[in-house]
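# Fold and contact review
Listed here are the chains, written in short residue letters.
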Amino acid sequence: MNALISVSDKSGIVELARALHDAGVRLISTGGTAKLLAEQGLPVTEVAEVTGFPEMLDGRVKTLHPKIHGGLLARRDHPDHVAALKRHMISTIDILVVNLYPFESTVARADCTLEEAIENIDIGGPAMVRSGAKNWKDVAVLTDASQYGPVVAELKASGQVSQKTKFALAVAAFNRISNYDAAISDHLSALQEDGSLSPFPAQANGRFVKLQDLRYGENPHQQAAFYRDLYPAPGSLAVAQQLQGKELSYNNIADADAAWECVKSFDTPACVIVKHANPCGVAIGKDPLEAYSKAFQTDPTSAFGGIIAFNRPLDGAGAQAVSKQFVEVLMAPDFSPEALQVFAGKANVRLLKIALPPGGERAWDKGQNLMDVKRVGSGLLMQTADNRGLTLDELKCVTKKKPSADELEDLLFAWKVAKFVKSNAIVFCKGGMTMGVGAGQMSRLDSARIASIKAQHAKLTLQGTAVASDAFFPFRDGLDVVVDAGATCVIQPGGSMRDQEVIAAADERGVAMVFTGVRHFRH
C-alpha cells in the first residue's frame, strides 16, 4: 500500500506518517514535506524519484505526471487499467494526503498583492485531490488534519479503510475543492483596477454548510434546512449551542436571529422579546430580571409564544420570571445552574447558549453579517449589511425646543430598537424600555396608531415618551398622532420634501425633534 503526502499545513503530519509507516504503508512525498519526514527518521520516497522528473518552475510542476495520476485514477477492478499500470511501471496510490496552498488566509491580509494571490493558487494539489476522490473506491483522500485520527484507527483495526469512510472522505474532498475554487473566484472577480476589492464580485459564490434538516419551512407544505456560513462570525446565531428543547423550526430560527441581533447591540443588560420577526418588547435594566420585566410590559399579549433573548447570562431569578409565560426559544450567553434547573421541567423550551462576540472595529468581531441577501425570481439582491450605528454627536436638533439629557438617552434607545423593526416602524420608548411598537404597516400613519393602541392595551401611559421613526415623516399627520398620544420628542432621519412642514408642526406642538440623516428600512 502506498501513501502520497503533500501538505502546506503540516499540523499532525509527522504523527500520521509514522502511523502509516507502522501499518506497513510506503510513504511518498514532495519537497518540504519529504524533507520534514526524513528529518524525523521516516523512510520516504520523493515524488521526483517516482516520476523521473525533478520539481520544475519553482515548484509549480511536481505532481502533474502520469505516474502520479495514473496511480490515483486506475481502477483496481478493471483488468485493462491494471495491465496499463504494469505496462508503464506505475504503482497504485492508495492513500492521498493533501491540503492546499493557503489562498484564503493569504488574500485575507489587507496588504495582499495580486502577485501573492496568484502564487498561492494551488494547481497540483486540487488535481490530485480530484483524481483520488473520483476513484474513491480505491483511494482514501485526506484533505484535513481532523481526518487523520479516524483513518489511522481503521487501519489499525482492520488493515484497510472502509468503503463508507472512503466515500465520506471523497465528498469532503470535493467540497474542499469547491470552496477553494469559489474563494479564488470571489477574490479575483472582486479586484478593481486600483487594486481594491469591490464588495460585489462579478460572480457570487455562496459557500454554506448544512447544520440540520428542519421539519418544514414557514408552512408545513414547505421543505427546509438550516445552513451556516463556511466561516461563521463569532457570536452569531449559527454558532449557538442548543442546551435543551424541541428541534428548532424554520420560523424559530428566523425569529431567534432577529432577537439575538437586536439584543447584542446593547452594551448594558438588555432583554428583547420577538414575535414574527419584530421586537414586541425591548428594555434595559440593572440585571436580566429587571430588563425582562420591563420588556414584557410593552406587549404581554404578543409576548405569548415569543422568542426571548438576553445579552447577559440568565440567572435563577430571571429564569423564574420568564418561566411564568409560554416561550418558544430562550437565548443568552450562558445559563446559571439555577436557571437550567428552572427549565429542566419544561422539556419543550428551546434553550440556546451563544457567547457574545469578542468586539472590535470590524463587523466580523461584532458578530455581524457583512452582506445581506434576498432571493428574488431567478436572482439575488445583495447589499452590505445595515451595521450603521449612531452616536449622540451625530444628532441634529431641528426644532426650537431642545431635548433634555434624559430625552436624548430615550431617543437613542428608541432609534436602536427601530432599526430592528419591520418598516414602516414607529417605536415609543421611555426609561430604557419600549412602550409601544408599530411594525410592518403600509402606512407610517397606521404604524403610529397601532403603536399607541398597543400601549393602551398594555395599560402603559405614553406621556413623556420618545418616538423613533425608521424613515422620515412624509406629512405632519404621523407626527400629530404620536404627539397626541403623549410623545414629547421625536427622532427621525429627515430628508422629506416636506421636512419644513413637519418641523413647523413640531414647533407648533411644542416637542423636540432631531434628525439622524440615516434611514433604517427593514423589509
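Just so you know, the residues in each chain are numbered from 1, in the order the chain's sequence is written. With pLDDT at 70 or above as the cut-off, local features in this predicted model cover only qualifying residues; side-chain atom pairs require 80 or more to be listed or tallied, and sums for whole chains, interfaces and linings still use all residues. Hydrogen atoms and water are omitted, and side-chain values are computed over all heavy atoms in the structure.

- Looking at an unreviewed UniProt entry, one finds the protein named Bifunctional purine biosynthesis protein PurH, with Ramlibacter monticola as its source organism.
- UniProt positions are given in the numbering used here, feature names are shortened, and annotations may be inferred rather than shown by experiment. Per its UniProt entry, the protein bears the Sequence similarities (unreviewed entry) comment "Belongs to the PurH family."

## Section: the packing of aromatic side chains
- We call Phe, Tyr and Trp rings a pair once their centres come within 6.5 Å, taking the six-membered ring for Trp, and we label the pair stacked below 30 degrees between planes, edge-to-face above 60, and tilted otherwise. Following the criterion strictly, the structure yields 5 aromatic pairs and no others.
- Aromatic side chains tryptophan 136 and phenylalanine 167 sit 5.0 Å apart centroid to centroid with 70° between the ring planes, which places their arrangement in the edge-to-face category. Placement of the pair is tryptophan 136 in the loop between helix H8 (124–134) and strand E5 (140–142) and phenylalanine 167 in helix H10 (residues 163–190), with a sequence separation of 31 residues.
- Whether a residue is buried, partly exposed or exposed follows from its accessible area with a 1.4 Å probe, protein chains only, as a fraction of its type maximum: under 20%, in between, or over 50%, in that order. On the accessibility criterion, phenylalanine 167 (43% relative accessible area) is partly exposed.
- Aromatic side chains phenylalanine 304 and phenylalanine 326 sit 5.1 Å apart centroid to centroid with 55° between the ring planes, which places their arrangement in the tilted category. For the purposes of this entry, the term helix denotes a DSSP run of H or I that reaches at least four residues, the term strand denotes a run of E that reaches at least two, and both are numbered from the N terminus.

## Some remarks on helix H18 (residues 476–485)
- Within H18, burial applies to Gly478, Leu479, Asp480, Val481, Val482 and Val483.
- Contact between two residues is taken to exist if any of their heavy atoms lie within 4.5 Å; hydrogens are not considered. Turning to H18, the residues buried within the fold contact strand E17 (426–430), helix H17 (444–457), strand E19 (465–469), strand E20 (487–492), helix H19 (499–509) and strand E21 (512–515).
- Where H18 ends, the next residue or the one after it, glycine 486, has phi of about 130°, a positive value.

## Points about H17
- Relative to the 20 Å expected for 14 residues at 1.5 Å per residue, H17 spans 20 Å between its end C-alpha atoms, a close match to the ideal helical length.
- Along H17, the residues that are buried comprise Arg444, Leu445, Ser447, Ala448, Ala451, Ser452 and Ala455.
- Where H17 is buried, its residues contact E17, strand E18 (433–438), E19 and H18.
- Under the rule applied, a polar contact is a pair of N or O atoms within 3.5 Å (in protein, one hydrogen donor and one hydrogen acceptor; residues adjacent in sequence only if both atoms are side-chain atoms). The opening residue of H17, the one whose side-chain oxygen lies 3.1 Å from the backbone nitrogen of leucine 445, is serine 443. A helix is expected to span 1.5 Å for every residue after the first.

## Examining the pairing of strand E4 (residues 95–99)
- Of all 5 residues making up E4, 5 are buried, and the element is well covered by its neighbours.
- Burial along E4 is two-sided: Ile95, Val97 and Asn99 facing one way and Leu96 and Val98 facing the other are all buried.
- Two strands make a pair as long as DSSP finds a minimum of two bridges between them. Pairing of strand E1 (residues 2–7) with E4, which is carried by 5 bridges, proceeds in the parallel orientation. If you follow serine 6 over to E4, its bridge partner there is valine 98.

## Focus: the environment of leucine 211
- Within the element layout of this structure, leucine 211 appears in strand E6 (residues 208–214).
- The exposure class of leucine 211 is partly exposed, given its relative accessible area of 39%.
- If near-sequence neighbours (up to four positions away) are discounted, leucine 211 is found in contact with Phe226, Tyr227, Arg228 and Ala238.

## Focus on the pattern of salt bridges
- A side-chain nitrogen of Lys or Arg and a carboxyl oxygen of Asp or Glu constitute a salt bridge if their distance falls within 4 Å. Scanning the model with the defined rule gives 20 salt bridges in all.
- Where arginine 76 meets aspartate 94, a salt bridge forms, and the shortest distance between an N and an O atom there is 3.1 Å. Within this pair, whereas arginine 76 is found in the loop between helix H4 (66–73) and helix H5 (79–87), its partner aspartate 94 is found in the loop between H5 and E4, the two being separated by 18 residues in sequence.
- Here arginine 76 falls in the partly exposed class, since its relative accessible area comes to 26%.
- Take aspartate 94: its relative accessible area is 16%, and that puts it in the buried class.
- Across the pair lysine 454 and aspartate 299 runs a salt bridge, and its minimum N-O distance is 3.0 Å. One end of the pair, lysine 454, is in helix H17; the other, aspartate 299, is in the loop between helix H12 (288–298) and helix H13 (300–303), with 155 residues separating them in the sequence.
- Take aspartate 299: its relative accessible area is 9%, and that puts it in the buried class.
- One salt-bridge network, held together by shared partners, links Arg476, Asp480, Asp484, Glu508 and Arg509.

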